[in-house]
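# Remarks on the overall topology
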Amino acid sequence: MAIVTGSGGGLGAECARVLASHGAKLVVVDINGNAAKSVVAELESAGHEAIAVQTDVSSETDVKAMIEKTEAHFGRIDILHNNAAVLSIEQRQRDRDICNLDMDAWDRAIAVNLRGAVLCSKYAIPVMLKHGKGSVIYATSGLGAQGDLSLTGYACSKAALNMLPKSVAAQYGKSGIRANAVQIGLAPSENAHGSMPSELLDILRDNHLTPELGTPRQIADVVAFLASDESSFVTGTTIVADGGFGSHTPSLVAMREFFAKSGREGM
């Protein structure tokens, strides 16, 4: 039985589909109730069991009610995937470098990305403890480990999500609860490609060590692994799924061009 927050579309919806394909019953959680219902209808048409719960994960009242509804309907919680995050175009425009940062955008990033994950964990883990087993997964980002020119609030919230699974694993591991994070590289859904300049996509693609950018399915497969018993000895850590983007020096692309132009070998 799995809860996936922010699963009314995009990467979250793909994670819900993949978990369902492995036999999980789903609670599709999203601030957009109609979007959540649409994903549930898709899952049900494929023969899976799922319910939609409209939830603002930054609201303790909403999260508590969502967990109560989940337990009442399914009787247990085995998997919690904290996927919800705020990164709309409007948010991007206001969550800027530190000197130009809109503090409302900062507060929103922390509230949704970090507070939301904390709240969902706070209320889901006690249900898991009743059955002595559970997997909690956090969606973090390369921006939580590497500095960038903008998205200060987003980056700081994601950095905290690298620490949170370590705390949860230390606190509840002996009681059967595992906690891990997935550091996600650029794996946009098809409709997200149009919202990013092609020049930027080219730069990011060049800095990946894979031929192409990632796909939501590739990230969802990692989430499914962490949710499953196949990862039963993996806890308190962050798995990086970013096509090698964060594994090399920032000068790698320029160095490759230099060696190619100079005719030197080894690059």
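Use the structure listed above.
Here is a short report on the structure shown in this document. (Residues numbered from 1 in each chain as written. Predicted model: local features only at pLDDT ≥ 70, side-chain atom pairs only at ≥ 80, totals over all residues. Heavy atoms only, no water.)

### Considering the packing of aromatic side chains
Counted only if it meets this: Two aromatic rings, drawn from Phe, Tyr or Trp (for Trp, its six-membered ring), form a pair once their centres lie within 6.5 Å of each other, and the interplanar angle then sorts them: stacked below 30 degrees, edge-to-face above 60, tilted otherwise. We call a charge positioned over a ring when the NZ of a Lys or the CZ of an Arg lies within 6 Å of the ring centre and within 35 degrees of the ring normal.
For the structure shown, the criterion picks out zero aromatic pairs. Sitting over the face of the ring of Tyr123, Lys122 holds its NZ or CZ atom 5.5 Å from the ring centroid.

### A short note on the state of the cysteines
As a reminder of what qualifies: Count a disulfide wherever a pair of cysteine sulfur atoms falls within 2.5 Å.
As enumerated under the stated definition, the model contains zero disulfides in all. Counting only cysteine sulfurs, Cys15 is the nearest neighbor of Cys120, a cysteine outside any disulfide, at a range of 15 Å. The structure places no disulfide on Cys156, whose sulfur is separated from the nearest cysteine sulfur, that of Cys99, by 14 Å.

### Observations concerning the packing of helix 3 (residues 60–74) against helix 5 (residues 103–131)
Applied cut-off: Every angle, taken between N-to-C directions, lies between 0 and 180 degrees, and every axis is a line fitted to C-alpha atoms, over only the stretch in contact when it is a helix. Under the scheme used here, helices are H or I runs from DSSP no shorter than 4 residues and strands are E runs no shorter than 2 residues, and both carry numbers assigned from the N terminus. Oblique is the label for every angle not falling under 35 degrees (roughly parallel), over 145 degrees (roughly antiparallel), or within 65 to 115 degrees (roughly perpendicular). Crossing chirality is assigned from the near helix's rotation relative to the far helix, an anticlockwise turn below a right angle marking it left-handed and a clockwise turn marking it right-handed. Here, residues are in contact when the closest pair of their heavy atoms is within 4.5 Å. Under this grouping Gly is polar, as are all residues other than the nonpolar Ala, Val, Leu, Ile, Met, Phe, Trp, Tyr, Cys and Pro and the charged Asp, Glu, Lys and Arg.
Closest axis-to-axis distance for the helix 3/helix 5 pair is 9 Å, and the angle between their directions is 30 degrees. By the angle between their directions, the pair helix 3 and helix 5 is classed as roughly parallel. For helix 3 against helix 5, the interelement crossing comes out right-handed. Together, Glu60, Val63, Lys64, Met66, Ile67 and Glu71 of helix 3 and Arg115, Leu119, Cys120, Lys122, Tyr123, Ala124, Val127 and Lys130 of helix 5 make up the contact between the two elements. Among the residues forming the contact of helix 3 with helix 5, the class breakdown is eight nonpolar, no polar and six charged.

### Quick notes on helix 6 (residues 152–172)
What counts is decided by this rule: Expected span of a helix, by definition, is 1.5 Å for each gap between consecutive residues, and there is one gap fewer than residues. Values of bend correspond, residue by residue, to the angle between axes fitted over the seven residues ending at that residue and the seven starting there.
Here helix 6 is 21 residues long and its end C-alpha atoms lie 31 Å apart, about the 30 Å a rise of 1.5 Å per residue gives. The principal kink in helix 6, of about 25 degrees, is found at Asn162, preceding the proline Pro165 by one to four residues. Of the surrounding secondary structure, the elements contacted by the buried residues of helix 6 are helix 5, strand 5 (134–141), strand 6 (177–184) and strand 7 (237–241).

### Some details on the pairing of strand 2 (residues 26–30)
Regular strands place side chains that alternate from one sheet face to the opposite one. The criterion, for reference: Note on classification: 1.4 Å probe, protein chains only; a residue is buried when its accessible area is under 20% of the maximum for its type, exposed when over 50%, partly exposed between these limits. Strand pairing is assigned whenever DSSP identifies at least 2 bridges connecting the two strands. By the criterion used throughout, a crossover qualifies as right-handed when its path from the first strand across the helix to the second strand runs clockwise, the strands pointing away from the viewer.
Across the five residues of strand 2, five count as buried, placing the element largely inside the fold. Bridge count between strand 1 (residues 2–5) and strand 2: four bridges; the pairing is parallel. Directly across from Ala2, in strand 2, lies its bridge partner Leu26. Running through helix 1 (residues 10–21), the crossover from strand 1 to the neighbouring parallel element strand 2 is right-handed. In this structure, strand 2 lies alongside strand 3 (residues 50–54), joined through five bridges in parallel fashion. Looking across to strand 3, one finds that Asp30 is bridged to Gln54. Between the parallel pair strand 2 and strand 3, the chain is carried across by helix 2 (residues 33–45), and the sense of this crossover is right-handed.

### A look at the pattern of salt bridges
For clarity, the cut-off: Throughout this description, the term salt bridge denotes a Lys or Arg side-chain nitrogen within 4 Å of a carboxyl oxygen of Asp or Glu.
Applying the stated criterion across every chain yields a total of 11 salt bridges. Glu68 serves as the salt-bridge partner of Lys64, at 2.7 Å between the closest nitrogen and oxygen. Within this pair, Lys64 and its partner Glu68 are both found in helix 3, separated by four residues, close to a single helical turn. Here Glu68 falls in the partly exposed class, since its relative accessible area comes to 44%. Between Glu212 and Arg205 there is a salt bridge whose closest N-O contact spans 3.0 Å. By sharing partners, the salt bridges in this structure join Glu14, Arg17 and Glu42 into a single network.

Without other data, these values stay purely geometric and don't point to any function.
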